[in-house]
Amino acid sequence: MALLIKKVFDFHTHSYYSDGVLSPTKLLDYAKSNGVQTLALTDHDTISGLEEARNYAKKIKINFINGVEISATWRNRTIHIVGLDIDDTNQQLQQGLKQHQVLREERAIKIARGLAGAGVENPYEKTLKLVKKSMITRTHFAQMLINEGVCKDMKSVFKRFMVRKLPGGVNVQWSNLTEVIAWIKSSGGIAVLAHPYRYNITHTKLKQLISDFKEAGGSAIEIITAFYQQQEVQMMIEIANEFDLQGSIGSDYHGWENSFVKMGYLKPLSGVKQVLSDRL
Ligand code: AMP
Ligand code: MN
Ligand code: MN
Ligand code: MN
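In this text the structure is predicted, and so the values were computed from the model without any measurement.

**Q** Would you mind going over the coordination of the manganese ion (ligand 4) with me for this structure?
**A** Protein coordination of the manganese ion (ligand 4) is provided by H12 (NE2), H14 (NE2), E69 (OE) and D252 (OD), with donor distances spanning 2.1 to 2.2 Å. Read in sequence order, the donor residues for the manganese ion (ligand 4) give the motif H-x1-H-x54-E-x182-D. Here the manganese ion (ligand 2) and the manganese ion (ligand 4) are spaced 4.5 Å from one another. One end of the pair, H14, is in the loop between β1 (9–10) and α1 (24–33); the other, E69, is in strand β3 (residues 63–74), with 55 residues separating them in the sequence. Note on accessibility: H14 and E69 belong to one class, buried.

Printed below as a string of structure tokens:
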């Protein structure tokens, strides 16, 4: 009788190099203690945490996969592309991410201006105090507003402040989907469409996005995430098969307190090929 060994892995997580709470070291400790055997660190638009993560993963004997979650513009919307198994010394990838880091800095100044206009005092300085490395994200502004007692939780800050024409809403033109996938591929990586259920678009638009993603050289769709409905998973498996794409599994763990997202509890995928299955 064949013995089924459960493989526990997570291909979408964040550290304090972007908007996560934990250092890469603490993230790996947490992953290990929750039984995760293979982990990808996928910080927003930065690969700066990978070296620490890689070194520490060796020490505690956990399989590590270099990752990144890159913001991209697709038809005037922001979507997220996870790059897995990338080479973080690749020049094209590094240069692309550098551009996005500059866009983020410019956006942060505009967000702060908007919040100041809405009556928040010294929003930039207060938010900068919450940044552990160098990237200032919308999540940091949101955390600042929670600390100031302006909002009670992340969900309400995003709804009241951080989107569209609201005081902290700033539209950014990230590099487009095709360019972002090209950076990932030029560094030897695999492009995965992150959290497809979260884009708030019609079924027709979603299929158009996935078709464009495939056309641009994308390889997989994140199918199992921390929050989903069984119906959505079923639909996504069908779409993945239709477009000959693989599937991926990622919690999008950020280490936030009061979050239901934990590591090590995601369901396995069935009905579609798992991306990077040879690395598990
Ligand atoms: P940024 O990449 O700086 O634009 O920030 C986007 C991040 O904000 C996402 O990766 C999430 O971590 C967080 N985020 C976005 N929308 C929400 C929301 N409605 N509730 C909580 N967190 C959110
Ligand atoms: Mn995030
Ligand atoms: Mn994302
Ligand atoms: Mn993420």
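**Q** How do you make sense of the packing of aromatic side chains when you look at a structure like this?
**A** We describe a pair of aromatic rings using the distance from one ring centre to the other and the angle between the two ring planes. One pass over the structure, following the stated rule, counts three aromatic pairs. Aromatic pair F9 and F11: ring centres 5.0 Å apart, planes at 50°, arrangement tilted. Taken together, a centroid distance of 4.7 Å and an interplanar angle of 15° make the contact between Y30 and Y253 stacked. Residue Y30 is found in helix α1, and its partner Y253 is found in the segment after β7 (246–249); the two are separated by 223 residues along the sequence. Given the relative accessible area of 18%, Y30 is considered buried.

Reading the values: rules and limits
Residues numbered from 1 in each chain as written. Chains lettered and ligands numbered in written order. Predicted model: local features only at pLDDT ≥ 70, side-chain atom pairs only at ≥ 80, totals over all residues. Heavy atoms only, no water. Donors = N, O, S within 2.8 Å, 3.2 Å for Na, K, Ca; no water. Helix = DSSP H or I, 4+ residues; strand = E, 2+ residues; numbered from the N terminus. Buried < 20%, exposed > 50% of the residue type's maximum accessible area, 1.4 Å probe, protein only. Phe/Tyr/Trp six-rings, centres within 6.5 Å; stacked < 30°, edge-to-face > 60°.

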